[in-house]
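Below, each chain spelled out in residue letters.
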Amino acid sequence: MTDETPEMFQARYEDISAIRWPRPADPQQDELDTLKARHLAWNAWHKKTVKAAQEHGPQYDALLVALEDLVEIKRDADEKIRLLLAYGRIFHQPRPHTLESLGAAAGLSPSGVSRAFGAKEVMAVAELTGKRPPAVDVQRHDPDVISGQASKNRCTWGGSKAKPCTETPKYAVTDKSGAKWACCDKHLPGYLRSRV
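Definitions and limits used
Residues numbered from 1 in each chain as written. Predicted model: local features only at pLDDT ≥ 70, side-chain atom pairs only at ≥ 80, totals over all residues. Heavy atoms only, no water. Pairing = 2+ DSSP bridges. Helix = DSSP H or I, 4+ residues; strand = E, 2+ residues; numbered from the N terminus. Axes fitted to C-alpha atoms, helices over the stretch in contact; angles between N-to-C directions. Salt bridge = Lys/Arg side-chain N within 4 Å of Asp/Glu carboxyl O. Buried < 20%, exposed > 50% of the residue type's maximum accessible area, 1.4 Å probe, protein only. Phe/Tyr/Trp six-rings, centres within 6.5 Å; stacked < 30°, edge-to-face > 60°. Parallel < 35°, antiparallel > 145°, perpendicular 65-115°, else oblique. Left-handed = near helix turned anticlockwise from the far one by under 90°. Contact = heavy atoms within 4.5 Å. Nonpolar A, V, L, I, M, F, W, Y, C, P; charged D, E, K, R; others polar.

Examining the sheet that holds strand 1 (residues 135–140)
- Overall, antiparallel pairing links the three strands, which are arranged 1-2-3 in an open sheet. Edge strands, defined here as strands with exactly one partner in the open sheet, are strand 1 and strand 3 (180–183). Averaged over all neighbouring strand pairs, the angle between strand axes comes to 30°, with direction disregarded.

Some details on the pattern of salt bridges
- According to the stated counting rule, one finds three salt bridges in the structure shown.
- Of the charged contacts, one joins D76 and K80 as a salt bridge, the two residues approaching to 2.8 Å between their closest N and O atoms. Remark: K80 and D76 occur in helix 3 (residues 62–91); sequence separation between them is four residues, near one turn of the helix.
- Accessibility expressed as a relative area gives 38% for D76, which makes it partly exposed.

Here we look at the pairing of strand 2 (residues 171–175)
- Within strand 2, five of the five residues are buried, which leaves the element mostly enclosed by the surrounding structure.
- Residues Y171, V173 and D175 line one face of strand 2 and the alternating positions A172 and T174 line the opposite face, and both faces are buried.
- Note: strand 2 against strand 3, four bridges, orientation antiparallel. Counterpart to Y171 in the pairing with strand 3 is C183.

Concerning the packing of aromatic side chains
- Considering all chains together, one arrives at two aromatic pairs under this definition.
- Geometrically, the ring pair formed by Y87 and F91 is stacked, given 6.1 Å between the ring centres and 5° between the ring planes. With Y87 and F91 both in helix 3 and four residues apart, this pair spans about one turn of that helix.
- Taking the centre distance of 6.0 Å and the plane angle of 75° together, the rings of W157 and W181 count as edge-to-face. Pair noted here: W157 is in the loop between strand 1 and strand 2 and W181 is in strand 3, with a separation of 24 residues, a long-range link.
- Its relative accessible area of 3% is what places W181 among the buried residues.

Focus on the packing of helix 3 against helix 4 (residues 99–106)
- Between helix 3 and helix 4, whose axes approach to 10 Å, the crossing angle comes to 160°. By the criterion of interaxial angle, the relationship of helix 3 to helix 4 is roughly antiparallel. For the element pair helix 3 and helix 4, the recorded crossing hand is right-handed. Along the contact surface, helix 3 presents L85, G88 and R89, while helix 4 presents L99, L102 and A106.
- Its residues placed into classes, the contact of helix 3 with helix 4 shows four nonpolar, one polar and one charged.

This is a description of form; function is not addressed.
The structure is reproduced here in structure tokens:
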């Protein structure tokens, strides 16, 4: 963009801003919180654009910054959707949501929901919430067949992210997603309670 004038840069900047954060037809009808959120998002994008211009030169295209920013937002949203699907299908009490209800909410087919998450997402939800999914099987602990790295050395069926259990694992508990968790003698009753 070497032949670009400052006026052309400003015009493109305003165009991108208008596309990304369209102004409401009637600003007085728009809620104050919505206007504040739009303003905060625009400020964050503006700071990224200024930083990119400093790193890549004043002619760095604001369009590229806007696209990079939206891809980052989309990636984060996709990850959170997978985690929420895992939560709804595996952890939700008293009954899990059906594949159909989750699919309708997420814009996926029922089979798309079942393929959207796996043991990694189930374990991430457990780590974030401190909850454990209903168990379906228990066997002797074998570090070679366990899902997560932490489960190779300590109990992960009990405790939480803030207060992890440090007991030596003696059992491998398998949840409905197929993820295997390490379990100590102290937390084995939790497995038994999840079965009834």
